[in-house]
Every structure is written in structure tokens, then in C-alpha cells.
Amino acid sequence: MFEVDGQVRVMRARKNRNGPTNELTMFRMTKDGMRSVENPSQLLLESHLEGVPGNTIATTAEGSRAIMAEVQCLLGPPTNGQPRRNISGLDSKRVNQIIAVLTAHLEKFDISDRDLYVNVAGGIDIKDTGTDLPVVIALLSAYTGMAIPEGVTSWGEVGLAGEIRPIQFHENRIKTAQVMKFDNMIGPKTSEDKPESYTEIGSVADLLALLMPEEVKSKKSRKTRKPNKEKEKVINDSQETT
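Reference entry: report on the structure contained in this document. Note that this is a predicted model, so its numbers are computed, not measured.

Quick word on the overall build of the chain
Moving on, step 1. When you go through the chain residue by residue, the secondary structure sums to 6 helices and 13 strands.
Moving on, step 2. For the chain, the residues scored as buried account for 40% of the 242 residues in total.
Moving on, step 3. In the chain, once contacts between residues fewer than 6 apart in sequence are set aside, the share between residues at least 24 apart is 63%.

Right, dumping it as C-alpha cells:
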């Protein structure tokens, strides 16, 4: 099956009697005709702009092949009074679920009154649940206005409790990130082999502590006990009378 995006053609195996499905190959139209793209990650990242809030690099898996792509998120005021969500290249239900998780588990995170645009640069469609974590990073980056540092890539599935869950093809993702010279990898806790440049996180709260600890706090730390000044005054007065 061909998916068309400008000069790029994406061929995806929907059915395969002798191997895995969802294997992906990219072709590019040249003056000499259609040519296979040997490194799809390089093609998808060639227009990546560093230092832009809301942009992050995902290491996803299409079939058993790891591919790096840019996830972009933009927040803005409602254009017609009613906030809307425009999602391209990702499962919209999955993105809405991630937003619900962040709203439930992070203090101050609320985008219900803003327009949301989420896009995978390059025009490819990603079904991999390992893109959950990059979507979280892109959302938080756009929400706080803080750009993600250069050389960061991530992968991991996000559960309803805010936990970051392990996913398939972990080793393939690490190898692809290393080939592309990404020296800061963020992903779920795992017992598999991993380089020193790999940072394990267990929840969205761990992610905040790693990337933007002062911007958005976990709701677990929200309920701090405040001193009751009137109660203290009553206690002090009673002590003085005695």
C-alpha cells in the first residue's frame, strides 16, 4: 500500500503471509525516477528546527524497523470561540487519552480552552504506541514554552495511571538513535541492555523532574498541609492562661 506525501512515497505492508505486517519502506521521486530511501530517519529529520517549543524527536517502530520522526505540537487561542483539536499523523483517540492523563496527574496542566495542533512532520502515519512519550514531551514543551534540548529522543507507552510502560523493539530503537547521533535517550524502565546515554523514567512525574522540574508539578505534591493560624492562636492562648 502506497501513502503519498509530495515527492515521498511510503509503502507499508498491510498483509504478509511470510513475515510481520506494518513494515515500512520509503521512496523518493528523483530526476531518474523513484528511488528507495536508505535512511528514512535522515529524510524525515532533514528540516528539523532546533530550539522550537513543542517540537521533539520520537524513535518509533514501523514493523520491526525503528524510524525517527519529529512530533510537533502547537497551542493557541480558539479561532472561532470553540477550542478544537487538529491531529495529523497520529491516532486522535490516543492523543486525547494522553491529554486526559496529563490533566488528571499534573497540577496546572489544562488546555481545554486552547486550540491544539499535533502533527508528525513528513506526512507519515504512526500507529506505534511507543510514540506516547514523545507526544507528552511535545505537549509539555508547547504548554510551558520551553524548548527540548538538542540531541534528545524518546519512546514509551503512557498508561492511564501516568506510568511509562515498556514497548517492543527496544534494542532497535537504541541502535537507530545511536546511528543518528542522538546522545540523550529517554524511555521506560527496562531490564534490557542500554547505554549510559539512556535515561529511565517510570511516570510523567519523573519526566517533569528530568526536563522541566519547576514548570509543572505532579498532583501528588499538590496537597501540602497549611498551618492553621487560628488554631495555633487558640492553643497558645490556652497555654498562657494555664
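Having seen the model, we can carry on.
Digging into the nonpolar core
Moving on, step 1. One finds Leu90, Leu102, Leu116, Val136, Leu139, Leu140 and Leu207 to be the most contacted residues of the largest nonpolar core, which totals 43 residues.
Moving on, step 2. Elements represented by at least two residues in this core include exactly helix H1 (40-45), strand S6 (65-76), helix H2 (92-105), strand S8 (115-120), helix H3 (132-144) and helix H5 (204-211).
Moving on, step 3. Here the element with the most residues in this core is H3; it accounts for 8 residues.
Moving on, step 4. When neighbours within four sequence positions are excluded, Leu90 is seen to be in contact with Val95, Val118, Val120, Ile126, Thr131 and Val135.
Moving on, step 5. With 11 residues, the next largest nonpolar core counts Ile167, Met180, Phe182 and Tyr198 among its residues.

Some thoughts on H3
Moving on, step 1. Taking 1.5 Å as the rise per residue, H3 with 13 residues should run 18 Å; its terminal C-alpha atoms sit 18 Å apart, in good agreement.
Moving on, step 2. H3 sits mainly inside the fold: 12 of its 13 residues count as buried.
Moving on, step 3. All buried positions along H3 are accounted for by Asp132, Leu133, Pro134, Val135, Val136, Ile137, Ala138, Leu139, Leu140, Ser141, Ala142 and Thr144.
Moving on, step 4. Gly145 lies just past H3 and shows a positive phi near 75°.

With respect to the sheet that holds S8
Moving on, step 1. On the basis of which strands lie adjacent, the open sheet formed by 7 strands has the order S7-S8-S6-S5-S9-S12-S13 and mixed pairing. The open sheet terminates on both sides in strands that have one partner only, identified here as strand S7 (85-88) and strand S13 (198-201). With direction set aside, neighbouring strand axes in the sheet form an average angle of 25°.
Moving on, step 2. The sheet contacts of H2 involve S7 and S8, and relative to S7 the element is tilted by about 125°.

Remarks on the pairing of S7
Moving on, step 1. Bridge analysis of S7 against S8 gives 4 bridges, and the strand direction is parallel. For Arg85, the partnering residue across the bridge sits in S8 and is Leu116.
Moving on, step 2. Taken together, S7, H2 and S8 constitute a β-α-β crossover, and its handedness is left-handed.

Some details on the side chain of Thr153
Moving on, step 1. You can see Thr153 is positioned in strand S9 (residues 152-154).
Moving on, step 2. The class of Thr153 is buried, set by a relative accessible area of 0%.
Moving on, step 3. Among residues more than four places away in sequence, those in contact with Thr153 are Ile57, Ala58, Thr59, Met68, Ala177, Phe182, Asn184, Met185 and Ile186.

Details of the packing of aromatic side chains
Moving on, step 1. All chains considered together, the criterion is met by 2 aromatic pairs.
Moving on, step 2. Between Phe109 and Tyr143, the aromatic rings sit 4.9 Å apart at their centres with planes inclined by 50°, giving tilted as the arrangement. Of this pair, Phe109 sits in the loop between H2 and S8 while Tyr143 is found in helix H3, placing the two residues 34 residues apart along the sequence.
Moving on, step 3. Given the relative accessible area of 2%, Phe109 is considered buried.

Notes on the environment of Asn80
Moving on, step 1. Checked against the element boundaries, Asn80 lands in the loop between S6 and S7.
Moving on, step 2. Asn80 sits in the exposed class, given a relative accessible area of 68%.
Moving on, step 3. A sequence separation of 35 residues divides Asn80 from Asp115, and the C-alpha atoms of the two residues are 9.7 Å apart.

Cut-offs applied
Residues numbered from 1 in each chain as written. Predicted model: local features only at pLDDT ≥ 70, side-chain atom pairs only at ≥ 80, totals over all residues. Heavy atoms only, no water. Helix = DSSP H or I, 4+ residues; strand = E, 2+ residues; numbered from the N terminus. Buried < 20%, exposed > 50% of the residue type's maximum accessible area, 1.4 Å probe, protein only. Contact = heavy atoms within 4.5 Å. Core = buried A, V, L, I, M, F, W, Y, C linked by side-chain atoms within 4.5 Å. Expected span 1.5 Å × (residues − 1). Pairing = 2+ DSSP bridges. Axes fitted to C-alpha atoms, helices over the stretch in contact; angles between N-to-C directions. Right-handed = clockwise from strand over helix to strand, strands pointing away. Phe/Tyr/Trp six-rings, centres within 6.5 Å; stacked < 30°, edge-to-face > 60°.

Interpretation note: all reported values are geometric properties and have no functional meaning in isolation.
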